[in-house]
Amino acid sequence: MAKINTQHSYPGMHRLTVRTTDEDIERIENGYIRTHSMCEDASSELQRVISVEGRHLSESQTSSFTGTGAMARLSRFVISVRSWATRHLHHEDQRPDSFLERIRGPELIEVSSRQSNIRSFLGIRERPGGVNRKKKEIFVIDPSSNIYYHWLTIIAAPVFYNWCMLVCRACFDELQFDHIKLWLFLDYGSDIIYVLDIFVRFRTGFLEQGLLVQDEKKLRDYYTKTMQFKLDVLSLLPTDLAYLKLGLNYPELRFNRLLRISRLFEFFDRTETRTNYPNMFRIGNLVLYILIIIHWNACIYFAISKLIGFGTDSWVYPNVSIPEYGRLSRKYIYSLYWSTLTLTTIGETPPPVKDEEYLFVVIDFLVGVLIFATIVGNVGSMISNMNASRAEFQAKVDSIKQYMHFRKVTKDLEARVIKWFDYLWTNKKTVDEKEVLKNLPDKLKAEIAINVHLDTLKKVRIFQDCEAGLLIELVLKLKPTVFSPGDYICKKGDIGREMYIIKEGKLAVVADDGVTQFVVLSDGSYFGEISILNIKGSKSGNRRTANIRSIGYSDLFCLSKDDLMEALTEYPEAKKALEEKGRQILMKDNLIDEEAAKAGADPKDLEEKVEKLETALDALQTRFARLLAEYTSSQQKVKQRLARVETRVKKYGSGTLSVGEAEAEKPEEEKKQ
């Protein structure tokens, strides 16, 4: 009996183990497609296994407490415990309640939770190096960062070196042989940078839906699918291995390195956007292109001369056996001179003799015409762009001069106006801020205005404790103003419609004679803030209480009363706080009538409110009249339809109209309408 029990128990245990690791996993995974839960599939499968074990148990006539029977009971216990744990412990994971889970999609969450449950059920633990471990954060270079620009500076150097020196070394043998060690060092140094550049491209991010992609697989796929990847691979093909067979006198084997020129163009583009002198950079860049084309043409001319034979005719390079023409420097300078004269078509060169020489000269002439037509056009546009602001400013000055001359303005006033314009141009104050910033979104406009003007606005006492939103609104409404020497900013008794903040310059509070100075205001000072608040009980009302005159040229920021009140409509609490601060300042200077301040509302304020109510009432009346007209027209249409229906009923009796008759009458109704 012991042998029988052993034979039935061990195979049974073996079958249970095999099913659990292979068949059960397959059946449970197929259960996902049938949208059954993991617990139902696993429980049904194990119950089937237990029933099989039960049949083996009855066949073997074993005891319920020994052998395979014990394994069946143990399996039932495990099923019940795990099903309970699955229902309770994983209940929260299977509830897609949060907004984020709904965005991710139910299938993804359900599958991931089921997979985790399967692994926990089958006892498969996640290993530290397994598939489910968290992805490592990789280093991604932002194309708009300084690091990326610095790398472009590095990679541009070997690209420029290859474009300048490879063709020169291939055409002038002495240049290649005399410095062979230097060339080998520079060549393979540039190759190393080329290889590093490929790794940089694999780690260069790109924007997807406005966000920088940092997924390694996406970055790799994005780069490998571009044409630039193929060019980069071709530029690194080890074609110079042919040195081993042909020798070191063939640098043209490395011409595939020229395919990396896109990096040089990218460096130029980024530099142009970063530099503060873009027009000068464009001109320098254009001159560089011209020099490279002339350099390549000179090298090709020397190579053709070598192929035809030095000194064989008057067109090719003279015989190198002559000491004067045998030097390397003379060879290159002569070729460069010939190339410059040919491409610019401004000098005489020896005429060609052979057919291939004629063909090369014709191509050179065509290239020269195209190149220098482009040069003239680009240089002309660059120069006009450089002088565009000056020309626009000069046009304004000329129009003012013509107007003053036509209106016979006095010479003294005309001189003051011209001096004012000269001051604006000399100190670079001719820029219209609104015109320059009009293409920016409102948020960037606000940030620039805050960066430029917020510190100035904070110097005003009544604005020091205001909330940030109101300060931003006010900053956007500040208007720069320039006053000439002797100009009055305000005079005593004038109605105050704006306040001023001194950015630069000096102002004097003067007596009525305009000469006696009481006090001098300098940078950061402000005045007129009380008059634009229109505080009740103010003895001066909204009138100016002093004469303020500019001593020299003064730059001021102006904030009008209308702009302030428009901004304060959205900030009623800030308006109350500002009025309270202004009232305290007036009380401190004994410039407020407390009885008038405590009295009822100011009649002027009531008049303004009544005017606003009247305006709103007029708008409501207009809208009501429009609605009434629409209602009247619709009512008339309904009456007409009812009249037509009554006519039909009288004509055809109380019965309903047939479908054909109704459809036939529809076009008639539409025509009448």
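Attention here is on the structure that accompanies the text.

The rules we used
- Residues numbered from 1 in each chain as written.
- Predicted model: local features only at pLDDT ≥ 70, side-chain atom pairs only at ≥ 80, totals over all residues.
- Heavy atoms only, no water.
- Helix = DSSP H or I, 4+ residues; strand = E, 2+ residues; numbered from the N terminus.
- Contact = heavy atoms within 4.5 Å.
- Phe/Tyr/Trp six-rings, centres within 6.5 Å; stacked < 30°, edge-to-face > 60°.
- Buried < 20%, exposed > 50% of the residue type's maximum accessible area, 1.4 Å probe, protein only.
- Lys NZ or Arg CZ within 6 Å of the ring centre and 35° of its normal.
- Core = buried A, V, L, I, M, F, W, Y, C linked by side-chain atoms within 4.5 Å.
- Expected span 1.5 Å × (residues − 1).
- Pairing = 2+ DSSP bridges.
- Axes fitted to C-alpha atoms, helices over the stretch in contact; angles between N-to-C directions.

Considerations on the side chain of Lys 477
Mapping Lys 477 onto the fold places it in helix α21 (residues 468–477). Apart from the residues within four sequence positions on either side, Lys 477 is in contact with Cys 558, Leu 559, Asp 563, Glu 566 and Ala 567.

A look at the packing of aromatic side chains
Throughout the structure, instances matching the rule amount to 30 aromatic pairs. Arranged with centres 6.4 Å apart and planes meeting at 90°, the rings of Tyr 325 and Tyr 334 form a pair that is edge-to-face. Summarising the aromatic geometry, the rings of Trp 420 and Phe 421 are spaced 5.2 Å apart at their centres and angled 75° between planes, so their arrangement reads as edge-to-face. The class for Phe 421 is buried, based on a relative accessible area of 12%. Members of the aromatic cluster, joined through ring pairs, are Phe 172, Phe 302, Phe 310, Tyr 317, Tyr 325, Tyr 332 and Tyr 334. Lying over the aromatic face of Tyr 149, Arg 274 brings its terminal NZ or CZ to 4.5 Å of the ring centre. The residue whose ring lies beneath Lys 491 is Tyr 488, and the NZ or CZ to ring-centre distance is 4.6 Å.

A short note on the nonpolar core
Note on soluble globular proteins: their nonpolar side chains tend to be buried together. Counting 29 residues, the largest nonpolar core has Leu 457, Phe 463, Leu 470, Leu 474, Met 499 and Leu 564 as its most contacted members. Among the secondary structure elements, those contributing two or more residues to this core are α20 (442–458), α21, β5 (498–504), β10 (554–560), α22 (561–568) and α23 (572–588). With residues near it in sequence (within four places) discarded, Met 499 still touches Val 460, Phe 463, Tyr 526, Phe 527, Gly 528, Glu 529, Ile 532, Phe 557, Cys 558 and Leu 559. Counting residues in hydrophobic clusters, the runner-up holds 22 residues, among them Tyr 161, Cys 168, Trp 296 and Tyr 301.

Quick word on unusual backbone geometry
For Gln 209, which is not glycine, the phi torsion reads 55° and is therefore positive. Within the element layout of this structure, Gln 209 appears in the loop between β1 (207–208) and β2 (211–212). Of note in the backbone geometry, Lys 408 takes a positive phi value of approximately 60° without being a glycine. Along the chain, Lys 408 turns up in the loop between α17 (388–406) and α18 (411–426).

Let's talk about α18
Between its terminal C-alpha atoms α18 stretches 22 Å, which fits the 22 Å expected from 16 residues at 1.5 Å a residue. Against α17, β3 (479–483) and β10 lie the buried residues of α18. Downstream of α18 by a residue or two, Lys 428 has a phi angle that is positive, lying close to 55°.

Digging into the sheet that holds β10
Read from one edge to the other, the open sheet built from four strands follows the order β3-β10-β5-β8, with strand pairing classed as antiparallel. Each edge of the sheet is formed by a strand with only one pairing partner; in this case those strands are β3 and β8 (526–527). Taken together, the two bridges between β5 and β8 define a ladder with antiparallel strand orientation. Bridge pairing links Ile 501 to Tyr 526 in β8.

Here we look at the pairing of strand β6 (residues 507–510)
Covered by surrounding structure in β6 are Leu 507 and Val 509 together with Ala 508 and Val 510, the residues of both alternating faces. A loop of six residues connects β6 with strand β7 (residues 517–521), the two strands running antiparallel in sequence, and Gly 514 in this loop sits at a positive phi of about 80°. Taken together, the four bridges between β6 and strand β9 (residues 547–550) define a ladder with antiparallel strand orientation. Bridging from a neighbouring strand, Leu 507 pairs with Ser 550 of β9.

Remarks on the sheet that holds β9
A sheet is described by the order of its strands in space; here four strands give the open sequence β4-β9-β6-β7, paired in antiparallel fashion. For this open sheet the edge positions go to β4 (488–490) and β7, each flanked by a neighbour on one side alone. With strand direction ignored, the average angle separating the axes of adjacent strands in the sheet is 30°.

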